[in-house]
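Structural overview for review
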Amino acid sequence: MDLFDYMRQEQKKTESPLASRMRPETLEEVVGQQHIIGKDKLLYRAIMADKISSIIFYGPPGTGKTTLARVIAHTTQARFTSINATAAGKKDMEEVVAQAKDAMGMYGQRTILFIDEIHRFNKGQQDYLLPFVEDGTVVLIGATTENPYFEVNGALLSRSVIFELKPLSKEDIRLLLQRALSDKKKGMGAYGAVIDDDALEFLSDTANGDARTALTAIELGVLTTPKDADGKIRITLDVASECIQRRVVKYDKNGDQHYDTISAFIKSMRGSDPDAAIYYLARMLYAGEDVKFIARRIMICAAEDVGMADPQALQVAVAAAQAVERLGMPESRIVLAEAVNYVACAPKSNASYLSVERALKTVEDTRTAPIPIHLQDAHYRSAGKLGRGEGYQYAHDFKNHYVAQQYLPDALAGTRFYEPTEIGFEKRAADYLQRIRREAGEDTE
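Residues numbered from 1 in each chain as written. Predicted model: local features only at pLDDT ≥ 70, side-chain atom pairs only at ≥ 80, totals over all residues. Heavy atoms only, no water.

Time to look at unusual backbone geometry. Look at the link from Met 329 to Pro 330: it is a cis peptide, with omega at 10°. The residue Pro 330 is located in the loop between α17 (312-327) and α18 (332-345) in this model. For Gln 33, which is not a glycine, the phi torsion comes out positive at approximately 60°. Structurally, Gln 33 can be placed in the loop between α2 (18-21) and α3 (34-37). Phi at Asn 208 takes a positive value of approximately 55°, unusual for a residue other than glycine. Residue position: Asn 208 is located in the loop between α11 (197-206) and α12 (211-224). (Helix = DSSP H or I, 4+ residues; strand = E, 2+ residues; numbered from the N terminus.)

Following this line, the structure appears as structure tokens:
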């Protein structure tokens with residue numbers, strides 16, 4: 001390190017953002033994540049024993065992935081180097097590997113390579129690392145906000161231990177904010193700032209488990225708030241609300257939050273809970289989810305979970321899907337809310353869904369049975385001369401426009417795929433089928 005590098009490092013300690021300055025250097029300073037760094041946990045023991053193997057930290061922003069990597073860097077006797085996958089290329093990795101080989105060969109020293117946002121590496125870049133991870137040239141520590149099972153090569157995953165970090169609790173965020181305000185060396189302690197209890201509660205809650213968001217807000221508040229008559233910088237609730245203009249929503253359109261939220265949304269409609277369904281709708285809209293995607297899920301729920309118990313539900317859902325394409329936001333939120341409430345409040349039956357699943361299973365498991373000859377088309381070419389269509393009874397010629405007649409192939413005669421429930425409109429359909437079959441003398445048992 002030359003003089004200029006040294007000066008830059010020293011300057012960072014005082015002028016870098018608060019969230020960066022407040023990063024812990026020891027495990028004891030880390031707040032939260034006790035499910036992986038508690039004193040009886042594997043990661044804690046591995047760090048303290050300096051026996052780190054390749055690991056991947058996975059979790060939302062601001063939960064401590066980079067922090068844990070830095071703690072390892074301060075704890076280990078191994079050589080520690082880091083790169084960011086958004087900026088690094090193959091040349092950077094080649095340099096890291098070459099230096100790691102030299103350190104191992106000359107000093108017997110291991111190299112820990114920390115790759116931030118490892119999911120940004122493409123398959124080729126990840127494949128390049130594989131042999132060096134496998135032979136121990138480097139010990140990999142990856143950090144990602146994306147599900148590693150989707151974004152990281154299976155070969156790297158199989159050689160790594162995955163630790164999932166959780167959003168910090170309100171109590172964790174509260175502790176970090178208090179620590180930042182009192183720390184005179186790395187934090188804002190030299191400013192003599194104080195924070196009202198309701199402001200501290202507000203910031204702890206609205207940060208949604210993201211330490212970086214909370215620390216950035218408190219830093220902004222301290223730096224921009226004038227001193228009061230007592231010479232104190234007071235962070236009030238009004239100041240706190242200005243520093244976080246809107247609640248942080250943990251939602252990304254391609255990761256776990258996307259799938260978890262849409263799953264909860266559908267299950268709430270299926271479970272006839274319009275309040276929960278509307279809440280999850282609001283979360284998706286607030287996060288900027290595609291309204292056409294939401295509308296498609298409502299249509300699916302209307303068909304699969306409401307079905308014939310209220311056939312109108314699918315019409316409402318389809319109309320909503322057409323409307324959002326024409327309206328866009330913000331008006332689409334009203335259309336979607338109406339469709340969600342209708343589907344959630346509608347009587348439920350999955351009999352239609354089950355009927356097609358049973359039929360598909362039958363088609364898959366059985367040989368293709370010949371269609372009864374009386375149902376075959378008698379109009380094309382010389383089909384009529386071959387007897388096709390003979391014996392067919394036209395339903396409208398009979399009472400109730402129904403006649404007992406075999407429609408299924410012989411091998412499946414009598415099979416019931418659709419079993420209507422006693423719910424909503426479907427009960428009317430069930431009663432109708434039973435009545436016309438009985439009046440036609442057909443056995444309905």
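What follows continues from the structure just given.
A separate point is a negative patch on the surface. On the surface, a cluster of negative charge is made up of Asp 197, Asp 198, Asp 238 and Glu 242. Within the residue set of the negative patch, elements represented by two or more residues are α11 and α13 (237-243). The exposed category is assigned to Glu 242, whose relative accessible area is 56%. (Patch = residues over 30% accessible without salt bridge, like charges linked within 9 Å, V, L, I, M, F, W, Y side chains within 5 Å. Areas by Shrake-Rupley, 256 points an atom, 1.4 Å probe, with all protein chains shown as cover. Salt bridge = Lys/Arg side-chain N within 4 Å of Asp/Glu carboxyl O. Lys, Arg positive; Asp, Glu negative; His and termini not counted. Charge placed at Lys NZ, Arg CZ, Asp CG, Glu CD. Buried < 20%, exposed > 50% of the residue type's maximum accessible area, 1.4 Å probe, protein only.)

Tallied over the entire structure, the rule returns 16 salt bridges. For the salt bridge of Glu 201 with Lys 170, the shortest nitrogen-to-oxygen distance reads 2.4 Å. Of the two residues, Glu 201 is situated in helix α11 and Lys 170 in helix α10 (residues 170-182); the sequence distance between them amounts to 31 residues. We classify Lys 170 as partly exposed; its relative accessible area is 32%. Within this structure, Lys 170, Arg 174 and Glu 201 form a network of salt bridges that share partners.

Quick look at the sheet that holds strand β1 (residues 55-58) now. Spatial ordering of the open sheet is given by β2-β3-β4-β1-β5, a layout of 5 strands whose pairing is parallel. Across the chains shown, the open sheet's two edge strands, defined by having one partner strand only, are β2 (79-84) and β5 (161-164). Averaged over all adjacent pairs, the angle separating strand axes in this sheet is 15°, with direction ignored. For β2 and strand β3 (residues 111-116), the ladder comprises 6 bridges, and the chain directions are parallel. Residue Arg 79 lies in a different strand from β3, and its bridge partner there is Thr 111. Across the sheet, helix α6 (residues 90-107) is in contact with β2 and β3; its angle to β2 comes to roughly 175°. (Pairing = 2+ DSSP bridges. Axes fitted to C-alpha atoms, helices over the stretch in contact; angles between N-to-C directions. Contact = heavy atoms within 4.5 Å.)

Moving on, we come to helix α15 (residues 274-286). End to end, α15 covers 18 Å across 13 residues, agreeing with the expected 18 Å (1.5 Å per residue, within 8%). Of all the residues in α15, the buried ones are Pro 274, Ala 276, Ala 277, Leu 281, Met 284 and Leu 285. The backbone nitrogen of Asp 275 lies 3.2 Å from a side-chain oxygen of the residue at the head of α15, namely Asp 273. (Expected span 1.5 Å × (residues − 1). Polar contact = N/O pair within 3.5 Å; in protein donor to acceptor, adjacent residues only side chain to side chain.)

Membership of the largest hydrophobic core comes to 30 residues, with the highest contact counts inside it found for Phe 265, Met 269, Ile 294, Ile 298 and Leu 336. Looking at this core, the elements with two or more residues in it are α14 (256-270), α15, α16 (291-306), α17 and α18. In terms of residue count, α16 provides more of this core than any other element does, 8 residues in total. Look past the residues within four positions of Ile 294 in its chain and what remains in contact with it is Phe 265, Leu 281, Met 284, Leu 285, Glu 289 and Leu 336. (Core = buried A, V, L, I, M, F, W, Y, C linked by side-chain atoms within 4.5 Å.)

The next point concerns a nonpolar patch on the surface. The grouping of Tyr 149, Phe 150 and Tyr 259 at the surface amounts to a nonpolar patch, some 410 Å² of accessible area in total. Tracing the chain through its elements places Tyr 149 in helix α8 (residues 148-151). Residue Tyr 149 is classed as exposed on the basis of its relative accessible area of 57%.

Moving on, we come to the side chain of Asp 183. Residue position: Asp 183 is located in the loop between α10 and β6 (193-195). Lys 186 is the oppositely charged side chain nearest to the buried, salt-bridge-free Asp 183, at an N-O distance of 5.0 Å. Not counting the four nearest positions on each side in its chain, Asp 183 is found in contact with Met 22, Met 188 and Gly 189.

Counting buried positions over the 6 residues of β3 gives 5, a clear majority of the element. With 5 bridges connecting them, β3 and strand β4 (residues 139-144) associate as parallel partners. Counted as the bridge partner of Ile 112 is Val 139 from β4. You can see the chain leave β3, run along helix α7 (residues 123-134) and come back into β4, and the turn it takes is right-handed. (Right-handed = clockwise from strand over helix to strand, strands pointing away.)

Let's shift gears to the packing of aromatic side chains. Scanning the model with the defined rule gives 3 aromatic pairs in all. An angle of 40° between the planes, with centres 6.3 Å apart, marks the rings of Phe 57 and Phe 163 as tilted. You can see Phe 57 sitting in strand β1 and its partner Phe 163 sitting in strand β5, a full 106 residues away along the chain. Of the two residues, Phe 57 and Phe 163, neither departs from the other in class, the shared state being buried. (Phe/Tyr/Trp six-rings, centres within 6.5 Å; stacked < 30°, edge-to-face > 60°.)

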